[in-house]
Amino acid sequence: MHSARFQHFTTVSRPDLSASRIAGLRADLKARKLHGLLLPRADIFQGEYLPPSEDRLAWLTGFSGSAGFCIVLEKRAALFVDGRYTAQAKAELDRKVVQPLALASVAPEKWLEAHVRKGGTIGYDSALFTERGLAKFREAAERSGFVLSALASDPFDAIWPDRPAAPATSVVPHEIGYAGIRTAEKLKQIENKLDEARLDALVISECPSVNWLFNIRAGDVPHLPILRAFALIERGKAPRLYADRARFTPEALTSLDGIVEIVQPSSAPNDGRVEIGADLERLTKSGSRIRLDVDTAPALFSEVIVRAGGKPSVGADPIALLKAQKNPAELAGTRAAHTRDGAAMVRFLAWLESALKKGPVTEIDAVIALENERIASGALVDISFATIAGAGPNAALPHYRVTEKTNRPISPGLFLIDSGGQYRDGTTDITRTLAVGTPTRAMKDAYTRVLKGMIAISRCVFPVGTSGAQIDALARQFLWSAGKDFDHGTGHGVGSFLSVHEGPQRISKFGTTGLLPGMILSNEPGYYREGKFGIRIENLVAVEQHPVRGGEREMLGFQTLTWCPIDTRPVIRSMLTREERAWLNRYHSETEARLAPLLEGEPLTYLRKACAPL
């Protein structure tokens, strides 16, 4: 059996058990006099990445993707996924038990209206929904005459006998040399935001924001160095952090001494919901105006405030934008991390080229080899997500994760590898698609169009106030002209030794936040031909000031952070403009200059060959 330090290849989800598990859930619902259950892939913190103890959806259905929504009724069940996971859901589910459905074709609330009987009662866990997420189901219930009922307890406590324990990793300080700004200064910035919004208190429900604010890190979620905890900022008082004090190292406690009050959770499920609920009730009864984050605050908190006679102020968490705009120390750290990571990537690419000449190499072989090169840097804390290593048709699954069962040899055509590292000084995320043998003309054409889109984003200059949605089409235009597209965003935000997926910034059709200097984003257009091959090319970039000589407006652009050769073997050179070739040659020249001092021997030879100008 294969093994790696940070990534495992056994199949954790068990679609073959979904029939019996859903039967157990239905029995529990029947005892509660419920006719169905709404089940998002979520925990109380609304994080994209979940600890194993919270991944109810994977345990129940066998679906291992990072986004999905399930509705279980008395006689049928459906799982709704976006375009990233349509093929994966079909492959992972027992379709006799759970029907996979594309969100683009049918909304969960519409499907529910069509299949629930009038007067039926549908349960939901208010800890797993935001107010916004619940609203569409409330509207559907009013239209169709069914009843929504909040659960009094988690049904999975009874039906999941071998449920993993909740995470309890050590909490350590994130040193000021990496963080750049002390907690006291961050608190002043937040208090100013509360004054501007005329708020008395702020619930911090997004875990990366909690960790960013208090300059702490832990490891409660695989590949995400965070403490899962809530915090409360109350005007005129020390902020409160709801977490087990025993988990903090002496150094972490010292760093927080006199700044924050650590509130010990006293009862199950030990996530602080009881203690923060009591504080919300107290604040509400005193007439305080409390901000709940529209994206991450559980509806449970809104219910507490409403029961106490108040009305929550549901809106944007002001920390999100503060965290997104990296300070000089964070930007310097991420540049160092990307240079280190780029050298590890080149050592891996040189190994892969050599290994493929000697004999078969599998997807898992590649994942282990790349992880080992990152470990060899001596600075890796964790990988930033499970490496996506796709050969042949597996690469057509944008979020494919290799297992012992799905592992394929890397065969002639294209090989896609999407990976990243968590370092104390920064978080990396890089994708390269590599030619193996001679790719087909169709592969080369699609690859070149993806590359052109990636270069277009890298080169674009835009006025202050421009959102990701306004530049997303630049990455797609060359695919669109050939009647092609891809079903994920062009880019997501990235944290600083935090989540590899950070908001609110993104380059997407739905990216409405204006891009600001210091924001880090991915630039990763792709193309996927189901059952055949997949292509993605990804660098990280930072938004920076970009003055234009003679210009009349303040302009911004992107500074490249990722340095690693882009495979030019699949490029149809005649499809590149002179400007695109010049950009690619400059990129490779800079890549060679930055990485050559860190390499020797075969990897250095590979670097120089891969960075040769077109």
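Please read all numbers here as calculations on a predicted model, not as lab measurements.

Visitor: How should the overall build of the chain be read in this particular structure?
Guide: Within the chain, the regular secondary structure consists of 19 helices and 28 strands. A compact globule built from 614 residues should have a C-alpha radius of gyration of about 25 Å, and the chain, at 25 Å, falls within 12% of that. With respect to the three principal axes, the spread of C-alpha positions in the chain is 70 × 55 × 50 Å. By the burial criterion, 58% of the 614 residues in the chain qualify as buried. The contacts of the chain with a sequence gap of at least 6 include a subset with a gap of at least 24, amounting to 70%. Surface accessibility of the chain: about 25,000 Å² in total, with carbon and sulfur atoms responsible for 51%.

Visitor: Help me out: how do you make sense of the sheet that holds strand β19 (residues 426-427) in this one?
Guide: Strand pairing in a sheet relies on backbone hydrogen bonds. The paired strands run either parallel or antiparallel. Here we have three strands laid out as an open sheet, ordered β15-β18-β19, and antiparallel in their pairing. The open sheet terminates on both sides in strands that have one partner only, identified here as β15 (380-383) and β19. Contacts from helix α15 (residues 363-376) reach β15 and β18 (421-423), with the element oriented near 160° to β15.

Visitor: Explain the sheet that holds strand β6 (residues 147-150) here, please?
Guide: Overall, mixed pairing links the six strands, which are arranged β4-β3-β2-β1-β5-β6 in an open sheet. Strand pairing shows two members of the sheet lacking a second neighbour, β4 (99-102) and β6, which therefore form its edges. Neighbour to neighbour, the strand axes of the sheet diverge by 25° on average, direction disregarded. When strand β5 (residues 121-124) meets β6, the two strands line up parallel, connected through four bridges. Counterpart to T121 in the pairing with β6 is V147. With respect to the sheet, helix α4 (residues 108-115) is in contact with β1 (36-40), β2 (69-73), β3 (77-81), β4 and β5, its orientation differing from that of β2 by roughly 10°.

Visitor: Just checking my understanding: could you explain the pattern of salt bridges for this structure?
Guide: Working definition: two side chains of opposite charge can pair if their charged atoms are close together. Counted by the stated rule, this structure contains 39 salt bridges. A network of salt bridges, in which partner residues are shared, links E234, K237, R240, E261, D279 and R282.

Visitor: Would you explain the packing of α4 against helix α5 (residues 131-144) in this entry?
Guide: Angle between the axes and distance between the axes: these two values describe a pair of packed helices. Where α4 contacts α5, the axes come no closer than 9 Å and their chain directions differ by 25°. The angle between α4 and α5 falls in the class roughly parallel. For the element pair α4 and α5, the recorded crossing hand is right-handed. On the side of α4, the interface is formed by P108, E109, K110, L112 and E113, while α5 contributes K136, F137, A140, R143 and S144. Here the contact of α4 with α5 is built from residues that sort into four nonpolar, one polar and five charged.

Reading the values: the criteria
Residues numbered from 1 in each chain as written. Predicted model: local features only at pLDDT ≥ 70, side-chain atom pairs only at ≥ 80, totals over all residues. Heavy atoms only, no water. Helix = DSSP H or I, 4+ residues; strand = E, 2+ residues; numbered from the N terminus. Rg over C-alpha atoms; globule rule 2.2 N^0.38 Å. Buried < 20%, exposed > 50% of the residue type's maximum accessible area, 1.4 Å probe, protein only. Contact = heavy atoms within 4.5 Å. Areas by Shrake-Rupley, 256 points an atom, 1.4 Å probe, with all protein chains shown as cover. Pairing = 2+ DSSP bridges. Axes fitted to C-alpha atoms, helices over the stretch in contact; angles between N-to-C directions. Salt bridge = Lys/Arg side-chain N within 4 Å of Asp/Glu carboxyl O. Parallel < 35°, antiparallel > 145°, perpendicular 65-115°, else oblique. Left-handed = near helix turned anticlockwise from the far one by under 90°. Nonpolar A, V, L, I, M, F, W, Y, C, P; charged D, E, K, R; others polar.

Shape descriptors only; they carry no functional weight alone.
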